[in-house]
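If you want the building blocks of each chain, they are given just below.
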Amino acid sequence: MEIEVSIYNDSSTDNTQDIIEKWQSKLKGSNLLITVSHGQGQPKGVGFAKNRAVEQSCGKFLCFQDVDDEMLPCRLSLQLEEARKYPLAIVGSKFLRDPPQSTHRFARWANELDQQKLSLQVYTSHGPTVIMPTWFCSREVFNRAGKFSEAGKGTPEDLIFFYKHLDEGGTVRRIDEVLLIYRYHENATTFSILEDTIWNIRIQRLINKELQKWSNFTIWNAGKQGRRFYRSLPQSLQEKVWAMCDIDKKKIGQSYQPYFPDDPERNKNTRPIPIVGFQQASPPFIICIKLDLTDGNFEKNLASLNLSEGEDYVLFS
């Protein structure tokens, strides 16, 4: 296997350049092709750096690796084999978090999500169903989706790219072995992205891909998140909301009266939304409840309805 290491140093101000030079010296004479370039001026962001690293490389396949994570020895061979089997796929893998208990719920979801749901559970707040530091794909797959967003700090470039990949007919695979140690630290770029930014990107794609084709639907959660979801919809889609459903006996039988503080005229014409028990609700559902937070009760209630994910309900949790 011929391997090229393509590094783009995005105007770092720490000791990154020293580390690069140290490894270039160590690897001199090996069978690795090492391509390095350095940005000028202010850093231009994660998406910009990844695009430059891809552009200056020449390989048929691309393996993404963040500087603070650790790739395990068998990663390249296993993901290359899978990418050849599934030429339209982004191939991810399981991972270990370091420290071990950091973002425990997220890590469990990403590592244990069923393969069949990797292209379904794409609207949750967790982001892409295979995490960006484990991505491996052909250059053709990358080119079909286009470059990463170069809007800079505060932009979820991985989520935007992931959606474009799916929109272009791309698929998602995961190697069910741990191939990466994914380091957690509070200064990671991920934490510079506002939750509202991710919410708006998620809901816009959900509108375009799912809600436009439904004649009506139910919002599962009559609480804070369900109401926020309703208020985020354009008026034409709010009119499709048949009901909200819940398990709280204090809410069932009541109604939710939407209120828009910045649009008094709209308030005059907004109808109350009935709140019903989940057994009485009609699919399709938009589910605005986070998984794995109710000791399995929500999951049992959902399973009792014998619904099909993607057809009868979509998770927006």
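Bear in mind that the values here come from a model prediction, so they are computed numbers and not experimental data. (Residues numbered from 1 in each chain as written. Predicted model: local features only at pLDDT ≥ 70, side-chain atom pairs only at ≥ 80, totals over all residues. Heavy atoms only, no water.)

**Student:** Can you break down the nonpolar core residue by residue, with the values?
**Tutor:** Across soluble globular proteins, nonpolar side chains show a tendency to be buried alongside one another. In this structure, Phe-64, Trp-135, Leu-211, Phe-217, Phe-229, Leu-233 and Ile-286 are the most contacted members of the largest nonpolar core, which totals 53 residues. Residues lining this core come from more than one domain, with at least three contributed by each of domain 1 (3-193) and domain 2 (215-315). Filtering out sequence-adjacent residues up to four positions away, Phe-229 remains in contact with Trp-199, Ile-203, Leu-206, Leu-211, Phe-217, Ile-219, Ile-286, Cys-288 and Phe-316. Trp-220, Phe-278, Phe-285 and Ile-287 belong to the second-largest nonpolar core, a separate cluster that totals 13 residues. (Core = buried A, V, L, I, M, F, W, Y, C linked by side-chain atoms within 4.5 Å. Buried < 20%, exposed > 50% of the residue type's maximum accessible area, 1.4 Å probe, protein only. Domains from an automatic or database assignment. Contact = heavy atoms within 4.5 Å.)

**Student:** Lay out the side chain of Gln-121 in plain terms, naming residues and giving numbers.
**Tutor:** For Gln-121, the location among the structural elements is in the loop between helix 4 (104-112) and strand 6 (136-138). On the basis of relative accessible area, Gln-121 is assigned to the buried category, the value being 4%. A polar contact of 2.9 Å, which involves the side chain of Gln-121, links it to the side chain of Trp-109. (Helix = DSSP H or I, 4+ residues; strand = E, 2+ residues; numbered from the N terminus. Polar contact = N/O pair within 3.5 Å; in protein donor to acceptor, adjacent residues only side chain to side chain.)

**Student:** Report on the packing of aromatic side chains, specifying residues and quantitative values.
**Tutor:** Taken as a whole and judged by the stated rule, the model has 21 aromatic pairs. Between Phe-64 and Phe-148, the ring centres sit 5.7 Å apart and the planes meet at 90 degrees, which makes this aromatic pair edge-to-face. Taken together, the residues Phe-64 in the loop between strand 3 (61-63) and strand 4 (70-71) and Phe-148 in the loop between helix 5 (139-145) and helix 6 (157-167) connect sequence positions 84 residues apart. For the pair shown, Phe-64 and Phe-148 are each scored as buried. Each residue in the set Phe-64, Trp-135, Phe-142, Phe-148, Phe-161 and Phe-162 is aromatic and connected to the rest through ring pairs, giving one cluster. For the cation-ring pair, Lys-44 lies above Phe-48, with the distance from its terminal atom to the ring centre recorded as 5.6 Å. (Phe/Tyr/Trp six-rings, centres within 6.5 Å; stacked < 30°, edge-to-face > 60°. Lys NZ or Arg CZ within 6 Å of the ring centre and 35° of its normal.)

**Student:** Break down the packing of helix 7 (residues 195-209) against helix 8 (residues 224-232) for me, citing the residues and quoting the values.
**Tutor:** For the pair helix 7 and helix 8, the least separation of the axes is 11 Å and the interaxial angle reads 65 degrees. In terms of crossing hand, the pair formed by helix 7 and helix 8 is right-handed. Facing Glu-195, Asp-196, Trp-199, Ile-203 and Leu-206 of helix 7, the residues of helix 8 in contact are Gln-225, Arg-228, Phe-229 and Ser-232. Partitioning the contact of helix 7 with helix 8 into residue classes produces four nonpolar, two polar and three charged. (Axes fitted to C-alpha atoms, helices over the stretch in contact; angles between N-to-C directions. Left-handed = near helix turned anticlockwise from the far one by under 90°. Nonpolar A, V, L, I, M, F, W, Y, C, P; charged D, E, K, R; others polar.)

**Student:** So what's going on with the packing of helix 6 against helix 7? Which residues, and what values?
**Tutor:** Helix 7 packs onto helix 6 with a crossing angle of 10 degrees between their chain directions and a minimal axis gap of 11 Å. The pairing of helix 6 with helix 7 is recorded here as roughly parallel in orientation. Our pair here, helix 6 against helix 7, has a crossing hand that is right-handed. Counted together, Leu-159, Ile-160, Tyr-163, Leu-166 and Asp-167 of helix 6 and Ile-198, Ile-201, Arg-202, Arg-205 and Lys-209 of helix 7 form the full contact between these two elements. The residue makeup of the contact of helix 6 with helix 7, split by class, is six nonpolar, no polar and four charged. (Parallel < 35°, antiparallel > 145°, perpendicular 65-115°, else oblique.)

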